[in-house]
Amino acid sequence: MTGSITKGESTYGANLLTGTVNLTNKVGTDVVDASGVSIDTSGQLSTSGHLKAGEHAAIQSISGLTGSDKDNYTFADVKGDYKVTKLALTGSIAQGESTYGAALQSGAVSFTNKLGTDVVNANGVNIDTTGKTSNSGHLKAGVHTGIQTLTGLTGADMENYSFEGIKGDYKVNQLAL
């Protein structure tokens, strides 16, 4: 039997959604259809056991045939690709705090939707002081909303995630004279 399976697609961590089977060389009015589609995830799982983000070639296959004429056909070569899009991380950065003139200390980053045992961590926080510095070049005293931003990810499972908009405030205490 020849045919194809449309590309299956899901977001990292979600249930895998198989493509649709199209069988192209049935003889006449034979009654035969695919009984299902299986996805071979072997060797392609993350630490938490999910199919890794990315394009996976020919990992979908027909799991069997149904219909009164099924015994007249084989189906081993009907395959389909699969795409897993990255999961957008959500989280926050705790308020960083320092005294005016001291080195800036970023807050701790926490993720709210990291999956299971996945190994993914923050790889830095940027503190944007643009337009907020004194004449001596130090961040002015006060609370600065949303000036801390996540700069990157690290860890064995980082390629399964995207991030944007993870921010935090920063507080500069006045320096006692």
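Now for a look at the structure at hand. Quick caveat, the model's predicted, so the values are computed rather than measured. (Residues numbered from 1 in each chain as written. Predicted model: local features only at pLDDT ≥ 70, side-chain atom pairs only at ≥ 80, totals over all residues. Heavy atoms only, no water.)

## A few points about the overall build of the protein chain
What counts here: Numbered from the N terminus, helices here are DSSP runs of H or I no shorter than four residues, and strands are runs of E no shorter than two. Computation of the radius of gyration draws on C-alpha atoms alone. For the globule rule, the value is 2.2 Å times the number of residues to the power 0.38. Here the term buried applies to any residue with accessible area under 20% of the maximum for its type, exposed to any over 50%, and partly exposed to those in between, with areas from a 1.4 Å probe on protein chains only. Contact between two residues is taken to exist if any of their heavy atoms lie within 4.5 Å; hydrogens are not considered. Only the protein chains shown count as cover for residues, with accessible areas throughout obtained via the Shrake-Rupley method and a probe of 1.4 Å. Charged residues are defined narrowly, with Lys and Arg counted positive, Asp and Glu counted negative, and His plus the chain ends left uncounted. Charge coordinates come from a single atom per side chain, which is NZ of Lys, CZ of Arg, CG of Asp or CD of Glu.
For the protein chain, the count of helices and strands is zero helices and 16 strands. Taking 177 residues into account, the globule formula puts the C-alpha radius of gyration at 16 Å, and the protein chain, at 26 Å, lies well above it. Judged by the C-alpha coordinates and their principal axes, the protein chain covers about 95 × 25 × 20 Å. Looking at the 177 residues of the protein chain, the share that counts as buried comes to 29%. Residue pairs in contact within the protein chain that sit at least 24 positions apart in sequence constitute 65% of those at least 6 positions apart. Carbon together with sulfur atoms contributes 47% to the accessible area of the protein chain, which is approximately 9900 Å² in total. Across the protein chain, the centroid of the 12 positively charged side chains sits 10 Å from that of the 16 negatively charged ones.

## What to know about the pairing of strand 16 (residues 167-173)
Walk down a regular strand and you will see the side chains alternate between the two sheet faces. Where we set the bar: For two strands to be treated as a pair, DSSP must find no fewer than two bridges joining them.
The side-chain alternation of strand 16 yields one buried face, formed by Gly168, Tyr170 and Val172, and one unburied face, formed by Lys167, Asp169, Lys171 and Asn173. As paired elements, strand 9 (residues 96-99) and strand 16 share four bridges and run parallel to each other. Note on strand 16: the bridge partner recorded for glycine 96 is tyrosine 170. Here five bridges tie strand 13 (residues 142-150) to strand 16, and the two strands are oriented antiparallel to one another. Residue histidine 144 lies in a different strand from strand 16, and its bridge partner there is tyrosine 170.

## With respect to the sheet that holds strand 5 (residues 54-66)
Rules: To get an axis, fit a line to the C-alpha atoms, keeping to the stretch in contact for a helix; angles then go from 0 to 180 degrees between the N-to-C directions.
The four strands are arranged 2-6-5-4 in an open sheet whose pairing can be described as mixed. Whereas interior strands pair on both sides, the edge strands pair on one side only; in this sheet they are strand 2 (8-11) and strand 4 (33-39). In this sheet, neighbouring strand axes are inclined to one another by 35° on average, regardless of whether the strands run parallel or antiparallel. Across five bridges, the pairing between strand 5 and strand 6 (residues 79-85) is antiparallel. Looking at the pairing, glutamine 60 lines up with glycine 80 of strand 6.

## Topic: the sheet that holds strand 9
The four strands lie next to each other as 9-16-13-12, forming an open sheet whose pairing is mixed. Each edge of the open sheet carries a strand with a single partner, namely strand 9 and strand 12 (125-127). Averaged over neighbouring strand pairs, the angle between their axes works out to 30° when direction is ignored.

## A few points about the nonpolar core
Our working definition: Only buried residues count toward a nonpolar core. Its members are Ala, Val, Leu, Ile, Met, Phe, Trp, Tyr and Cys residues joined through side-chain atoms within 4.5 Å.
Counting 15 residues, the largest nonpolar core has Tyr12, Leu89, Phe111, Leu153, Tyr161 and Ile166 as its most contacted members. Contributing elements (two or more residues each) for this core: strand 6 and strand 7 (87-89). If we ignore the near neighbours within four places in the chain, the residues touching phenylalanine 111 are Leu89, Thr90, Gly91, Val120, Asn121, Ala122, Leu150, Leu153 and Ile166. Counting residues in hydrophobic clusters, the runner-up holds eight residues, among them Ile62, Leu65, Tyr73 and Val78.

## Points about unusual backbone geometry
Even without being glycine, alanine 58 reaches a positive phi, approximately 55°. Here alanine 58 shows up in strand 5. Using a relative accessible area of 39% as the deciding quantity, one classes alanine 58 as partly exposed.

## Structural notes on the packing of aromatic side chains
What characterises a pair of aromatic rings is the spacing of the ring centres plus the angle enclosed by the ring planes. Put simply, the rule is: Here a Phe, Tyr or Trp ring, Trp counted by its six-membered ring, pairs with any other such ring whose centre lies within 6.5 Å, and the pair is stacked when the planes are under 30 degrees apart, edge-to-face when over 60, and tilted otherwise.
A complete count under the given rule lists one aromatic pair for this structure. Their ring planes at 75° and their centres at 5.4 Å tell us that tyrosine 12 and tyrosine 161 sit as a pair that is edge-to-face. Of this pair, tyrosine 12 sits in the loop between strand 2 and strand 3 (21-23) while tyrosine 161 is found in strand 15 (residues 161-163), placing the two residues 149 residues apart along the sequence. Here tyrosine 12 and tyrosine 161 have matching classes, each one buried.

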